[in-house]
Amino acid sequence: MNGPLLLSIVIFVPMIFVVAFTPFLTRKTENFGVSIPESLYNREDFKTMRKKYAVTLIIIGLLFCISYAILSFQLSENIITILFTIIIVTYLIFGFLLYLPFHYKMKQIKESENWKSTKSQTIVVDMKFRQEILVYSNWWFLTSALIIIVTLLLTFIYLNRIPEKLPMHIDFFGNISYEEKSFATLLFIPGMQLALLVLFIFLNLIIKHTKQQVSVANPERSKKQNIIFRKRWSAYLICLGGLIELLLMYTQLTFIFPQLTKYTEIIIFSFVFLILLGTLLLAFITGQGGSRIKLNEHTSDQVIDRDDDQYWKLGQFYVNKNDPAIFVEKRFGVGWTNNWAHPLSWIVVIGILLVILIPVLLLS
């Protein structure tokens, strides 16, 4: 099996399972983007819906994977790269289109059974929640900063060993373009390292300050789960940042020590494997909001969370101009999403893009 094919499968197979099992990772107060009483989460028809969604996407995903593997032995590497991108995008679109019928079916069930009329709607806000240690300190990112400093020092210590032309870009067809050695080209990768460091620190702050979501069925349990959820993702961000910074440093070192290039394929494969494995384990062990963390405490079925389905467009896009929160937990998936009705939300998105693109534009 060739390297690019192996790397593609290592990326695609975990993605299949993450997308397919998303309904099992969400909070137990939601099912396919529709809020439900937590006591109904394990209802047989809801369990059947989740299983059908997962099995269908696994089968489709594996068919895509097998087809891609077969074609990879018949097509050039350049075409395979484009095909891989098309397959990923197509699979994600298919997953969303499959989600929609289940989402609308859940809305019909909710409307016909009218749970709101039989249970009291409540919202819980823990005023002491922000006093808890929700994330690990940004000082932990000093490790990533140290990697950037080492990258810069090695670059200028061994400046004379760096060739006059450096491979800087590769297009979809696998064509590599070279540029003259200059201040800009030498700082391109360290600039990307710095931009990613700023991004990861910002994401850690988002995890800390995002809107709290406490289930009324058992507020104390939900609070504990949410704290663990945030701290685990914070720790993962710190580790992820360090791994990516190391990978970029290795890329810079290949300019200084060309003999390292023969290990590039295995290094990239190993880093991608570790990152994807960590993401998978964290998602499946923790769940959205800590929903998969087992805490044995009583759950009440007399109250339900306040219904805010009207603010979730298609059950996935949060649009609420009356909510001051910029970031909220995803309804369908693991992690956080934007309140798209908040002006600052768009500013933040544009800011993140600029943090990534400006170093590329300035140093290219």
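For clarity, every value in this text was computed on a predicted model and none was experimentally measured.

Let's shift gears to the overall build of the protein. Within the protein, the secondary structure is distributed over nine helices and 10 strands. By residue count, 43% of the 364 residues in the protein fall in the buried class. Taking contacts inside the protein between residues at least 6 apart in sequence as the whole, the part at least 24 apart equals 73%. Accessible surface, the protein: about 19300 Å² in total, of which carbon and sulfur atoms supply 70%.

This paragraph deals with the pattern of salt bridges. One pass over the full model with this rule turns up 10 salt bridges. Between aspartate 323 and lysine 211 there is a salt bridge, and its shortest N-O distance comes to 2.7 Å. Placement of the pair is aspartate 323 in the loop between β8 (317-318) and β9 (327-329) and lysine 211 in the loop between α6 (183-209) and α7 (219-256), with a sequence separation of 112 residues. Between arginine 331 and aspartate 309 there is a salt bridge, with the nearest N and O atoms lying 3.1 Å from each other.

For the coordinates displayed, the defined rule picks out 21 aromatic pairs. Ring geometry for tyrosine 311 and tyrosine 318: centres 6.5 Å apart, planes at 70°, overall edge-to-face. Looking at tyrosine 311, the relative accessible area reads 25%, which means it is partly exposed. Of the residues examined, tyrosine 318 reaches a relative accessible area of 2% and is grouped as buried. Ring centres of tryptophan 312 and tyrosine 318 lie 4.9 Å apart, and the angle between their planes is 45°; on these two criteria the pair is classed as tilted. Each member of the pair tryptophan 312 and tyrosine 318 is classed as buried.

Another point: the nonpolar core. Grouped together as the largest cluster of nonpolar side chains are 35 residues, with contacts concentrated most on Ile162, Phe200, Ile207 and Trp233. Among the elements of the structure, α5 (142-157), α6, α7 and α8 (264-286) are those that each provide at least two residues to this core. If one sorts the elements of this core by residue count, α7 sits on top with 12 residues. Isoleucine 162 has contacts with Thr155, Lys181, Leu186, Phe255 and Ile256, leaving out every residue within four places of it along the chain. Counting residues in each nonpolar core, the second largest holds 32 residues, with Ile9, Tyr41, Cys65 and Ile80 among its members.

This next bit is on unusual backbone geometry. Positive phi is not limited to glycine here, since phenylalanine 32 has a value of about 55°. Relative to the assigned elements, phenylalanine 32 resides in the loop between β1 (30-31) and β2 (34-35). Residue classification places phenylalanine 32 among the buried residues on the basis of a relative accessible area of 2%. Phi is positive for leucine 314, close to 60°, though the residue is something other than glycine. Owing to a relative accessible area of 31%, leucine 314 belongs among the partly exposed residues under this scheme.

The end-to-end C-alpha distance of α5, which contains 16 residues, comes to 22 Å, matching closely the 22 Å that a straight helix rising 1.5 Å per residue would cover. Among the residues of α5, those classed as buried are Ser144, Ile147, Ile148, Thr151 and Thr155. Buried residues of α5, seen end-on, are gathered within an arc of 100° and therefore sit on one face of the element. Seen from the open side of α5, the exposed residues pointing more than 90 degrees away from its buried face are Leu142, Leu146, Leu153 and Ile157. The inward-facing, buried residues of α5 abut α6 and α7.

Calculation notes
Note on numbering: residues in each chain are counted from 1, in written sequence order. For a predicted model such as this one, the threshold for reporting local features is a pLDDT of at least 70, and the threshold for listing and counting side-chain atom pairs is 80 or more; totals across whole chains, interfaces and linings nevertheless cover every residue. With hydrogens and water set aside, each side-chain value is computed from the structure's full complement of heavy atoms. Runs of E in the DSSP output that reach at least two residues are strands. Runs of H or I that reach at least four are helices, and both are numbered from the N terminus. Exposed residues in this analysis have more than 50% of their type's maximum accessible area, buried residues have under 20%, and partly exposed residues fall in between, with area computed by a 1.4 Å probe over protein chains only. Any two residues whose heavy atoms approach within 4.5 Å at even a single point are treated as in contact. Per-residue and other accessible areas were derived by the Shrake-Rupley procedure at a 1.4 Å probe size, with only the shown protein chains allowed to occlude residues. Here, a salt bridge means any Lys or Arg side-chain nitrogen found within 4 Å of an Asp or Glu carboxyl oxygen. Each Phe, Tyr or Trp ring (for Trp, its six-membered ring) is paired with any other whose centre lies within 6.5 Å, and the angle between the two planes then decides the class: stacked below 30 degrees, edge-to-face above 60, tilted in between. By nonpolar core we mean a set of buried residues, namely Ala, Val, Leu, Ile, Met, Phe, Trp, Tyr and Cys, connected to one another through side-chain atoms within 4.5 Å. Helix span, expected: 1.5 Å multiplied by one less than the number of residues in the helix. Note: the arc covers the axis-to-C-beta directions of the helix.

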